Structure formats: structure tokens, C-alpha cells
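A structural walkthrough
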Amino acid sequence: MYEYAGAIHIHSTYSDGTGTVEHIAGCANEAGLDFIILTDHNTLLAKDNGQEKWYGNLMMIAGYEVNDIHNRNHYLVFGLDKLIGTYRVLHNGELGCNLSAGEYVKLIKEKGGTGFIAHPYEKRSSFPEHPPYPWTDWETDDFDGIEIWNHMSEWVEGLNENNKIQRFIHPLKSIVRPCEDAVKKWDELNLRRRVAAIGSVDAHAHKMNLMGFYNVEVFPYKVLFKSVRTHVLLENQIENGNSDKFQDYKSEIIAALKKGRSYITNSYYGDSKGFRFFAEYGGEKYQMGDEIHLKNDGKKIVFNFFTPKDCLVKLIKNGNCIHEQKGLGGTWDGLEEGCYRIECWVGDRAWIFSNHIRVIK
């Protein structure tokens, strides 16, 4: 398997971000990322203008973020060349899709797109001009995954009068763990079917008036690119700068995200490249995102993990921690069906969350 680190959920001047695509790509290259996925609101102008391409050693992939006419039910869309549905201008000047969330989620799937629910349980209230945008249409069942960790949502929701200066000065130190409600929902969904998870930065590089200074850039792209990342595992190696294979590489990355052949990390607490969580059963090896079909042969499933540095590792089954240990590697075995994943913690801070390996009969 070949591992590649990416930042997802990024906004440029094509919607409500302050950076051009070229500037954002330059910051991502500085941060050592392998790919980024741009998700401007209700537009694919970056793709239309030929900006989905290599920037040095970085792949810039253009997706988009769609929302309904109430500016809720935000949905990250990857792998489509055109927007779906029709749009109207909302009271705040932004666009909203005339379809309901259930309708556009279904249509995106039918068109061959891949979609992730964005910041599903957002509750932020510190900035009235930036209200929360939670997901409300849980009756739909056509989404591929869910965003369980959103840097901007976590930062804003933890903001108060006592800590605001520290959180502005040290925006990376304030990020603790994925959204607990989103993680709980994600575990519940996987009891029924595979639902992949991603982590994102939700980068805008907003400029605000802060402590008497005007147009201060809050969370520059280069800062956020050092925080929440999603790492994908691919079967084929990417040749940097190979434009002829760009679309093939893009498809492989999106397919890995859709399947859950990936894990989420906060790189501020350490480089996680080299992390692995896999299972062995019946002479076969199973990666994150895979499903193991149990046979009545009495053979046990052996779960394995490796981490690039010493940390506390928790084995989670169906949303509950069933074992934990410190170290760089280890194994567990079992015979029971369920949804298994790994959490790695550095002190009281979340570092790595794997996707599930589902064991079913």
C-alpha cells in the first residue's frame, strides 16, 4: 500500500475564502501535503478554469460544497464535472440548491459522485455572522461518508471570552478531538452499512478586525494545513507531476475516501505516516474500509496496529472501547462480528482515528 496525506474542505476566492487557488496550493506544498481537495460553495470554477492539476508535488483536486435553500445540510461532493440541480441566491448573498438534501444526495450518487456530510452537528455561536450549519436530513441514506473532525467547527465551538486571545494566537493547540456526536453517529451508521469518515480543515483564511487591528488573517491556510489531515492508502504509487495520469490518481484517491481506506490525524501532534490498522483472517489480509465475512470454521480474526511513535492506542468495537494499551504496535484477536476501529491519543489529545474494519456474518 502507498500512503498519501491530504487536506480536505478548503475554500478559495471562488466562494468565501480569501486565497487564490495558486496561493492555497503553494501553502499546501510548503506543508508537505500530497493532495488537497478544494470545496468552494456551489461552484466548480476552479475545475472549469483548468486549475485542477499538479502544483509542484501537490495534486489539487476540485470538488464542491452544496447546501439547501435554508443554507443547511452542507455536503462535500467529489468526482463530478458539473453541479447538480439549479440554484437561487439566498438572503445572505450565497447560493442554495433548489433540491432538498435527500434529493441532491441521491442525484449525486446516481451521477457517480462521492459525497460526505459536512460538520453534521455544528453548534457554534461565538460569531453571529458565521452561524452553525448542521445536518438535519438523516432520513436520506445515499451518502458515502461523514466528516467527523472539522478544525474550524471545533475551534469556534470552544471559543469563549476567557480563552479567545489564546485561541487566536495558538489556533492549533486548541484542537482536541473529533466531534463526539459525529463519531457516535458514525459508529451507529456502520452497524448497518459501511460509512466512511474524513477529517477536514474547513479553511477560509477569514480576515477579521481583531484587538484593534483591521483585516487580520485568521487561520492562514499554511497554519491549518498543519492540523487535521486525511491519509489515504492506495494500491498504486503516484508519480509526482505525471499529468497524463492525473485523472486516474484523482479517481483512486476519491475511491479510497469512499471506501474508508484511510485514516484521520491531527498532524500538529506528530507525523502519522506509517500508521497501519489491518486484520488477518483465513489467510487473507483486510485493510481499513474492508468487510470480513465470518465463516463457521472457529478461526479467529487477528487485528494488528502499528504507530510511528509511542501513544495510547484504543481498540473500539461498535463505538465502545474494549481494550487499550501503550506502545508502537500490537495485536488483538477475536471471533465476534462488529465494527472495529483504532484511536490513538497523545496525552488527552486525539492524534489518529482509523476507519472501520467491519466483521459480519
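This write-up is about the structure you can find in this document. (Residues numbered from 1 in each chain as written. Predicted model: local features only at pLDDT ≥ 70, side-chain atom pairs only at ≥ 80, totals over all residues. Heavy atoms only, no water.)

**Topic: the nonpolar core**
Among the nonpolar cores identified, the biggest contains 59 residues, and Ile10, Ile36, Tyr75, Ile148 and Phe225 are the most heavily contacted of them. Those residues within four positions of Phe225 in sequence are excluded, and the remaining contacts are Ala7, Ile10, Ile24, Cys27, Ala28, Ala31, Leu33, Val201 and Ser267. Counting 25 residues, the second largest nonpolar core, distinct from the first, contains Phe277, Phe305, Ile352 and Ile357. (Core = buried A, V, L, I, M, F, W, Y, C linked by side-chain atoms within 4.5 Å. Buried < 20%, exposed > 50% of the residue type's maximum accessible area, 1.4 Å probe, protein only. Contact = heavy atoms within 4.5 Å.)

**Comments concerning unusual backbone geometry**
Even without being a glycine, Asn73 presents a positive backbone phi close to 55°. Unusually for a residue other than glycine, Asp202 sits at a positive phi of about 55°.

**Some thoughts on helix α8 (residues 246–259)**
When the terminal C-alpha atoms of α8 are compared, their 20 Å separation across 14 residues agrees well with the 20 Å that a helix rising 1.5 Å per residue should span. Buried residues of α8: Phe246, Tyr249, Lys250, Ile253, Ile254, Ala256 and Leu257, and no others. In an axial view of α8, the angular spread of the buried residues amounts to 155°, which keeps them on one side of the axis. Where α8 terminates, the next one or two residues include Gly260, which has phi positive at roughly 85°. (Helix = DSSP H or I, 4+ residues; strand = E, 2+ residues; numbered from the N terminus. Expected span 1.5 Å × (residues − 1). Arc of directions from axis to C-beta.)

**Overview of the side chain of Gln51**
Mapped onto the elements of the fold, Gln51 is located in the loop between α2 (45–48) and β3 (54–55). Overall, the relative accessible area of 10% leaves Gln51 in the buried class. Dropping the residues within four chain positions of it, Gln51 is found in contact with Tyr14, Val21, Glu22, Leu45, Ala46 and Met60.

**Structural notes on the environment of Asp16**
Assignment of secondary structure puts Asp16 in the loop between β1 (2–10) and α1 (21–30). Accessibility expressed as a relative area gives 26% for Asp16, which makes it partly exposed. Sequence separation between Asp16 and Ala46 is 30 residues, and the spatial gap between their C-alpha atoms is 13 Å. Here the side chain of Asp16 touches Ser15 through a polar contact of 3.2 Å, side chain to side chain. A distance of 3.3 Å separates the side chain of Asp16 from the side chain of His204, its partner in a polar contact. (Polar contact = N/O pair within 3.5 Å; in protein donor to acceptor, adjacent residues only side chain to side chain.)

**What to know about the packing of aromatic side chains**
Within this structure, the stated rule accounts for 15 aromatic pairs. Following the ring pairs from residue to residue traces out a cluster consisting of Tyr121, Trp138 and Phe143. Positioned above the aromatic ring of Trp138 is the side chain of Lys185, whose terminal nitrogen or guanidinium carbon lies 4.8 Å from the ring centre. It is Lys309 that lies over the ring of Trp351; its NZ or CZ is 5.1 Å from the centre. (Phe/Tyr/Trp six-rings, centres within 6.5 Å; stacked < 30°, edge-to-face > 60°. Lys NZ or Arg CZ within 6 Å of the ring centre and 35° of its normal.)

**Things to note about the pairing of strand β16 (residues 284–287)**
In this structure, strand β15 (residues 276–281) lies alongside β16, joined through four bridges in antiparallel fashion. Pairing of Tyr281 across the sheet is with Glu284, part of β16. Where β15 hands over to β16, the hairpin turn is made up of two residues, of which Gly282 adopts a positive phi near 60°. (Pairing = 2+ DSSP bridges.)

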